[in-house]
Each structure stands twice: as C-alpha cells, then as structure tokens.
There are 2 protein chains.
Amino acid sequence: MKKASTIRDVASAAGVSVSVVSRVLNPDSGPVAPAKRETVLRVIDELGYRPRAAARELSIGHTPTIGLVVADLANPFFAQLADRVVWEARSHGVQVMVMTTQEDPHLEADSLDTLLDRSVGGVIATPTGSNIEKWARLQSLGVNVVFVDRSIPELADVDLVSIENVDSARRATEHMLGLGHTRIGLISGPVSTSTGRSRIEGYKSAHNNFSISVDPQLIRDVPFRGDGGGDAAGSLLALPDRPTGLIVANTAQVQSSVRRLVQIGVRIPDELSVIVFDDNPWTELTSPPLSVIRQPIDMLAVHSLELVLGRMQGRLPPAPRTIEVKADFVPRSSCSPLTLSPIS
Amino acid sequence: MKKASTIRDVASAAGVSVSVVSRVLNPDSGPVAPAKRETVLRVIDELGYRPRAAARELSIGHTPTIGLVVADLANPFFAQLADRVVWEARSHGVQVMVMTTQEDPHLEADSLDTLLDRSVGGVIATPTGSNIEKWARLQSLGVNVVFVDRSIPELADVDLVSIENVDSARRATEHMLGLGHTRIGLISGPVSTSTGRSRIEGYKSAHNNFSISVDPQLIRDVPFRGDGGGDAAGSLLALPDRPTGLIVANTAQVQSSVRRLVQIGVRIPDELSVIVFDDNPWTELTSPPLSVIRQPIDMLAVHSLELVLGRMQGRLPPAPRTIEVKADFVPRSSCSPLTLSPIS
DNA sequence: TACAAAAGTGGAACCGGTTCCACTCCGGTC
DNA sequence: GACCGGAGTGGAACCGGTTCCACTTTTGTA
C-alpha cells in the first residue's frame, strides 16, 4: 500500500514547478514549452499520477458532478432512468451520485444535504412532493435543479421534463371508450403530484369527448409506496357494478396491481381490459401481453441531463423550462371490445 | 445565490476559534466547554452552515464513500443490488457512487480511475473479467475491493460474495432430472467467469449423481451482453433431439431467453420445463409462473457492504474472504414430469 | 496551600490542487 | 540600441476543513 503521488512529486521529478504541472493538466490555463510538456507528461505516466478530485474541487469551488434523486432503484422505471442518466452523463465527463428516497421526505432531505455537502452543480430528481423550502434553498445556493416525471406545484421556477401526461391518459382512456367500455377504473398517483392530477384530467377529458359521465368511485389515487395499487385493483373489482376496463397510471403501482389481478384470476381481456403506464420489459411476457403507454425513458434522461448541464454551463436563458415528450400507446392483447353490451 | 458560509464564518460569529468549531463538529476530537458548544451549535444553525465534504476529504485523506460498479442498472438484478447497497450504506453514513460498465472493460477501467480520483475507501463490483492489473493497482493503493456475484480467478486475494453457484445449479438440475427429464438445456454465463464455470459444474454434477451422461451440445455459455440467451434458446429448441427442459443460469440473459420462448410459442411446461436463475418480480406474472432459483439479493448486498466497511475500518483479518449464501429453489408451475418417456 | 493532571482554547501548519502575479527571457519594431 | 509585448516560468496565497501543539484555566488530591 504505497501512497499516491501528488502534483509536487511530479513537479520535482520533472524538474519544474507545480505551476507548470498544473498548466499541463489544464491545457487552457497558460503556456507551457512543448519540451517541458513532454517531460511532465512522461513523469505523470511513470508515476501513475492522478490529480485528486477533492483538492481540485476545493480550489475550484465545485465539481463536475450531479445528483440523481429517485425513489427506488428496484422500480424498473427509475432503474432505467438512472442507467440512462449515468450513461449519458459519463459521455459528458460528469459523474452522478445516485440517491434513493423510498418516497420518504426525510430521506429526501438527507439526500439533498449530502449533495449540497458534495458541492454538486445540479440535481435531477423525481421529488416526493415535500421539502419545498429545502429545494428552494438548494436553488438559492446555485444548485441547478431539474425535476423529471413529476413536479411540485409550489415550486414554479424549476425545470421539468415529463411525458405529456394529460394527453397520454386521454389516449389510453379513449382507446378503451372506443372499444365500448363505459366503466373504466383508473389507478393513478396521488393528486398531490402533478402527474397524478394530469392523468386524472386526461381520463376525464376522454370521457367528456365521448359524452360519458365519470363515476368518481372508479378513480383511485394511491400513493407511490406500498401496495396501494393491488388494493385498489381488488376493491375496484369488488364493486357491485364492476369496471370492464382498468388503466393503471401510477407507474410505481403497476406491478402490485397486475399481481393482484393475476391472484384474483380475472381473465384478461375477456373479463377486464387493461392498459398500464410504462413499458416494463415484462409487460410483454405476461399472458396476454399488456397494452401499455410507453414512456420514452431515454428522452426523459437525455433532456433532463441536457437541461441540468446547460444550466451548469450557464448557456440557458434563466426562465424555467418545461419539456414534455410524447408517450406512445403500444397496443398489445390486453384490451378487447366490450361484448356484454356492445356499443350501438 | 448567496455563497455558503465556512467554518471561519461560524468561528467569528460565535466568537471562538476555528479549532473549537471543528471540535464541535467532530465530537471525539477534543474537549469543548458545554456553553461554547451550545453557542457554536446555535450559530451553525442560524447560518445554515454545512461543512464542505471536499475540504474534509482533502485533509483527512479519504471519504466515507464507496464505489459500486455494476454492468447495467436496467437489469433488475443489478438494480436491486444497487438499491440495497445504496440503502444499506446510507444507514452506515456512507455514500455510494454508482457506476455502470455495460460489460465493457474500457468503461470499467474508466470507472475505476474515477473512483480512485475520488479517493473512495472501497469498491463493490461485478467485474467484467478484464482489467486485472487495474484491480490489482487499486488494491495496492489501499482501496478495499469486494466482488459480488462473479469473481476473477487471476485475482486471488479479493473478497467475494456470491451464492452457492455449484449447489444452486445442481439443485435445479436435479429437480428436473427427478421429473424424468434427461435432455436438459443449460444457458450459462461465459466460462471465463467463476459464475459460469460453477453453474456448469453443478449441472454436470447433478447428471453424474443420476448417472446420466452430459451432452455438451446442450450447454451454451453466452456473454452477459446482447441477445445471446434468446439465440441460445432458439438454437437449443431447433436441435433434432431437442431438450425437454431448460435451465437459464445466466441472470443477464433470462429476459432475452424467456422472450424468445414466448415468441417461438413453446408450451410451458408441457413441451418444455423451465427454471431460471433470479427471482425477478415478473417471473410470477408470466403464465405459467416460472420456477426460479432465488438469489437473496439483500444478503449479497448486506454481506458485501459489511466486508467492504469492515476492511475500511481495519477490523477484519487480512486474509481474503469468500462468503457464499444459499439460494432458494422456488418451485412454481413451469416444470412438469416428462410424460413422453416416463422414468422407469 | 501546593502542585500535578485534566479540561479548554487558539494559532498555525497541512492536505493537494489552482491561480494570480512578478519576473526573466526572447524576438520584432522604430 | 532602446523599447515593447508576449511566451514561459516559479513563488506564494488560497480554497475549507483537521490536527498538532503550546498555552491558560480549572479541578482534584495529598
């Protein structure tokens, strides 16, 4: 366990001053005679010297690092998002600190503190919805914040990247309405989140277009955490006048909901047509393969990274941006026309 | 965008020296009069002061941070591993830098450099199998390395946490042999990895126990990346004397393999009995639900973290450790007795 | 009361980079 | 030949913490 060499080791081995070595390390920071540059580079190689990030960070004042704060990596949506963000960031020479919140505001607050301590230049997050002042403080300290997928209404000047939630939910609903279903269950996210509200709005809007009234009983907004999706699915199916269609618009609850449907043993699509949000890899391995709204996770990752890096480099106008990307509806075999009472 | 306060700001605001503030910050580093401690804490709170990690790191020489190097967060196995590690680490006050390699040795090498620059105290990794000298160098610089799930035979003195690979593969194989199957396909990881080799060994050992000879044609070792699992599944089923059982022991290829089986339309378990490694959440949502070898990801995470932290704190004997945890066989409905030529 | 030990405190060096600045060489220009 | 500007260089301050050490004050004990 030899200890790593420092810039001063390199300097003395190369017979130059630390200033010169530093200039070699940071090409645009000043002139170096070509011959010396060669020598220094050779010595660096021989010694296996690598500058320590902490030292640079201390004198520069910031790091080429961003934080990624998601609920739960065990959820494929977040996992894929993280994968893409980490991957994409690397190609820009930026490191990513991944933090998970388990949807717990306290853990979220902790994560933000940690990121602050690490002097990250930006944060990409799917916020829990709390910690308003904490997010604001982060921004006021110059940390660039971009929300993905969800936003917090109280925080107006934060960049946001999400799918077209209203439109996506409307299209899914209209697809079912078009098949003749009139009682369609909706399992959405909490109304305290933008995502939850927008998707409910899209659902209602579709009903409106079809001049079909909305039964509030059929709308279940459940938390992201826990087994709320499964319970909601169970209770919807237990309704006297039970729905013939189900849209699961809470990505965190898809698995739980589908598992419950399988347990109950409803026949899909004969007894129940189903559309879920998010094209998890397994959705086409179930039988029947599920029709899904596919969130273009790559796009979410790319755009949010672009935003946060753009802000870090100060090459974006100050006004907050909202980027909405289109989500595809991918029909598979989990929806069928309503046969019991066929449409006119 | 006001700028953050420093320890000297706190010191002067509290009317004490920086030494005192530092001692308040690090409780066991020296005595502080209770009254002054109070004052300092109050000032810290008022100013919203937080010590900068980089400064501390620079003077201490290391960070309470570990690196986690996995192939691909989009793979549920790694994603869950990452989730557990991050989670568990946090409860020990340790941060985790998550890096992905996409199974590419170059990217792996980059990641290790980055982690080195950040002065991490330890690394938990599923190594690609290359970069032998790089791993060795990392160790010689005092970075504690723990491999999870796979190991590199050339690197003898690295801690390893994995499941009982030989035993797991044997149990799965014996289960099928016990059902009367004699031609069982095996899709495993590359033989260049310990995992790949051990699982093939278990498969062979089971055959041996049942005095059934092994047809080498039925063993397919495919890379972790790409669609090798699907292709192997396809080609196994295209064999003239095609297998009646299939064990997918390459966790990264399960999805690809199962997808192919679904595409081909083999009836499971009637035409083909199937066991896969890894209890991904969706394996019980397929029809039929798949029998799996369940890797206790929590255990893998906990043990590897324990090892790496233990080494960082120097409270472990120097000899490298290998921890093997038991993997459960979870029978579901994807295996049935061989009916064509029933066992005696 | 005397004196050693322990508690409490602040000054300053240090960790390993970056950067400002002063200084020395050059060559080119009037 | 005097002068100027720019290339090239090194010294030293600085970033924000930690820690050693010397010093003063308090406490405990004989």
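On a predicted model such as this, the values are computed, not experimentally measured, just so you know. (Residues numbered from 1 in each chain as written. Chains lettered and ligands numbered in written order. Predicted model: local features only at pLDDT ≥ 70, side-chain atom pairs only at ≥ 80, totals over all residues. Heavy atoms only, no water.)

### Regarding the pairing of strand β3 (residues 122-125) of chain B
Residues and elements named next belong to chain B.
Now for step 1: Burial of the side chains of β3 extends over both faces: Gly122 and Ile124 are buried on one face and Val123 and Ala125 on the other.
Now for step 2: Examined bridge by bridge, strand β1 (residues 65-70) and β3 share four bridges and lie parallel to one another. In the sheet register, Gly67 faces β3, and the bridge partner there is Val123.
Now for step 3: Judged from the four bridges that link them, β3 and strand β4 (residues 144-148) form a sheet pairing that is parallel. Paired with Gly122 across the strands is Asn144, a residue of β4.
Now for step 4: In the classification by handedness, the crossover that spans β3, the intervening helix α7 (residues 132-140) and the parallel β4 is right-handed. (Buried < 20%, exposed > 50% of the residue type's maximum accessible area, 1.4 Å probe, protein only. Helix = DSSP H or I, 4+ residues; strand = E, 2+ residues; numbered from the N terminus. Pairing = 2+ DSSP bridges. Right-handed = clockwise from strand over helix to strand, strands pointing away.)

### Digging into the pairing of strand β4 (residues 144-148) of chain A
Residues and elements named next belong to chain A.
Now for step 1: In terms of burial, β4 is a largely internal element, five of the five residues being buried.
Now for step 2: Along β4, one buried face is formed by Asn144, Val146 and Val148 and the opposite face, lined by Val145 and Phe147, is buried too.
Now for step 3: Summarising the sheet, β4 and strand β5 (residues 159-163) pair through three bridges and their orientation is parallel. Bridging from a neighbouring strand, Phe147 pairs with Leu160 of β5.

### Let's talk about the side chain of Ser334 of chain A
All names here are of chain A.
Now for step 1: Tracing the chain through its elements places Ser334 in the segment after β12 (328-330).
Now for step 2: Looking at Ser334, its side chain comes within polar contact range of the main-chain oxygen of Val274, at 2.5 Å.
Now for step 3: Among all residues touching Ser334, those that are not within four sequence positions of it are Ile268, Pro269, Leu272, Ser273, Val274, Pro288, Pro289, Leu290 and Ser291. (Polar contact = N/O pair within 3.5 Å; in protein donor to acceptor, adjacent residues only side chain to side chain. Contact = heavy atoms within 4.5 Å.)

### Topic: the protein's contact with DNA strand D
Now for step 1: By nearness alone, 26 residues border DNA strand D, and Ala33 of chain A together with Ile7, Arg8, Arg56 and Ser59 of chain B come closest of all.
Now for step 2: The sugar-phosphate backbone supplies 56% of the atoms of DNA strand D found within 4 Å of the protein.
Now for step 3: In this structure, Tyr49 of chain B approaches DNA strand D through a side-chain N or O atom, which is 2.9 Å from a sugar or linking oxygen.
Now for step 4: Of all the elements in the fold, those that place two or more residues in the surface near DNA strand D are α2 (18-25) and α4 (53-60) of chain A together with α1 (7-14), α2 (18-25) and α4 (53-60) of chain B.
Now for step 5: Among the elements that make up the surface near DNA strand D, the one with the highest residue count is α4 of chain B (five residues).
Now for step 6: Grouping the amino acids of the surface near DNA strand D by side-chain chemistry returns 12 nonpolar, eight polar and six charged. (Near = heavy atom within 4 Å. Nonpolar A, V, L, I, M, F, W, Y, C, P; charged D, E, K, R; others polar.)

### Brief notes about the layout of surface pockets
Now for step 1: Within this model, the largest pocket holds a volume of roughly 1300 Å³.
Now for step 2: Contributing to the lining of the largest pocket are 44 residues, with Gly61, Leu116 and Ser119 of chain A together with Ala4 and Arg52 of chain B lying nearest its centre.
Now for step 3: Elements with a minimum of two residues in the lining of the largest pocket: α6 (105-117) and α12 (297-312) of chain A together with α1, α2 and α4 of chain B.
Now for step 4: For the lining of the largest pocket, the element with the highest residue contribution is α4 of chain B, accounting for four residues.
Now for step 5: Each residue belonging to the lining of the largest pocket can be placed in one class, and the counts come to 20 nonpolar, 16 polar and eight charged. (1 Å grid on protein atoms, 1.4 Å probe; cavity = no way out; pocket = protein on both sides within 12 Å on 5 of 7 lines; lining within 4 Å. Points joined across faces, edges and corners; volume = space filled by probe spheres on them.)

### Focus on the interface of chain B and chain A
Now for step 1: In this complex, chain B contributes 54 residues to the contact, which on the side of chain A involves 54 residues.
Now for step 2: Carbon and sulfur atoms supply 56% of the area buried between chain B and chain A, which totals about 5000 Å² over both sides.
Now for step 3: The largest contributions to the chain B side of the interface with chain A come from Arg90, Arg118 and Leu285 of chain B, which together make up 14% of the buried area.
Now for step 4: Where chain B packs against chain A, one counts four salt bridges.
Now for step 5: A salt bridge links Arg259 of chain B to Glu284 of chain A; its shortest N-O distance comes to 3.4 Å.
Now for step 6: Inspection of the region where chain B meets chain A yields 19 residue pairs in polar contact (both at pLDDT 80 or more).
Now for step 7: Every element with two or more residues in the side of chain B that touches chain A is listed here: α4, α5 (76-91), β2 (95-100), α6 (105-117), α7 and α11 (254-264) of chain B.
Now for step 8: It is α5 of chain B that contributes the most residues to the side of chain B that touches chain A, seven residues altogether.
Now for step 9: Its residues assigned to classes, the side of chain B that touches chain A shows 23 nonpolar, 17 polar and 14 charged. (Buried area = accessible area lost by both parts, 1.4 Å probe. Salt bridge = Lys/Arg side-chain N within 4 Å of Asp/Glu carboxyl O.)

### Digging into the domain arrangement of chain A
All names here are of chain A.
Now for step 1: According to the domain assignment, chain A contains domain 1 (7-51), domain 2 (63-163 + 297-326) and domain 3 (165-295).
Now for step 2: Computed from C-alpha atoms alone, the centre-to-centre distance between domain 2 and domain 3 is 28 Å.
Now for step 3: Contact with domain 2, which involves 15 residues of that partner, is made by 18 residues of domain 3.
Now for step 4: The three residues of domain 2 that bury the most area against domain 3 are Phe77, Arg150 and Ile163, which together make up 34% of that side's buried surface.
Now for step 5: Put simply, domain 2 and domain 3 have one salt bridge between them. (Domains from an automatic or database assignment.)

### Thoughts on empty space enclosed by the protein
Now for step 1: Going through the model one piece at a time under the given rule, you end up with three cavities of 30 Å³ or more.
Now for step 2: Reported here for the largest cavity is a volume of approximately 130 Å³.
Now for step 3: Along the wall of the largest cavity there are 16 residues; nearest its centre are Ala74 and Pro76 of chain A together with Ala74, Pro76 and Pro281 of chain B.
Now for step 4: Going through the elements one at a time, α5 (76-91) of chain A together with α5 of chain B are the ones with two or more residues in the lining of the largest cavity.
Now for step 5: Considering only residue class, the lining of the largest cavity consists of 11 nonpolar, five polar and no charged.
Now for step 6: In this structure, the second largest cavity encloses a volume near 70 Å³.
Now for step 7: Lining the second largest cavity are Phe78, Asp149, Arg150, Gly189, Thr195, Gly196, Arg199, Phe224, Ala249, Asn250, Thr251 and Ala252 of chain A.
Now for step 8: Among the elements that take part in the lining of the second largest cavity, helix α9 (residues 194-209) of chain A stands out by supplying three residues, more than any other.
Now for step 9: For the lining of the second largest cavity, the per-class residue count stands at four nonpolar, five polar and three charged.

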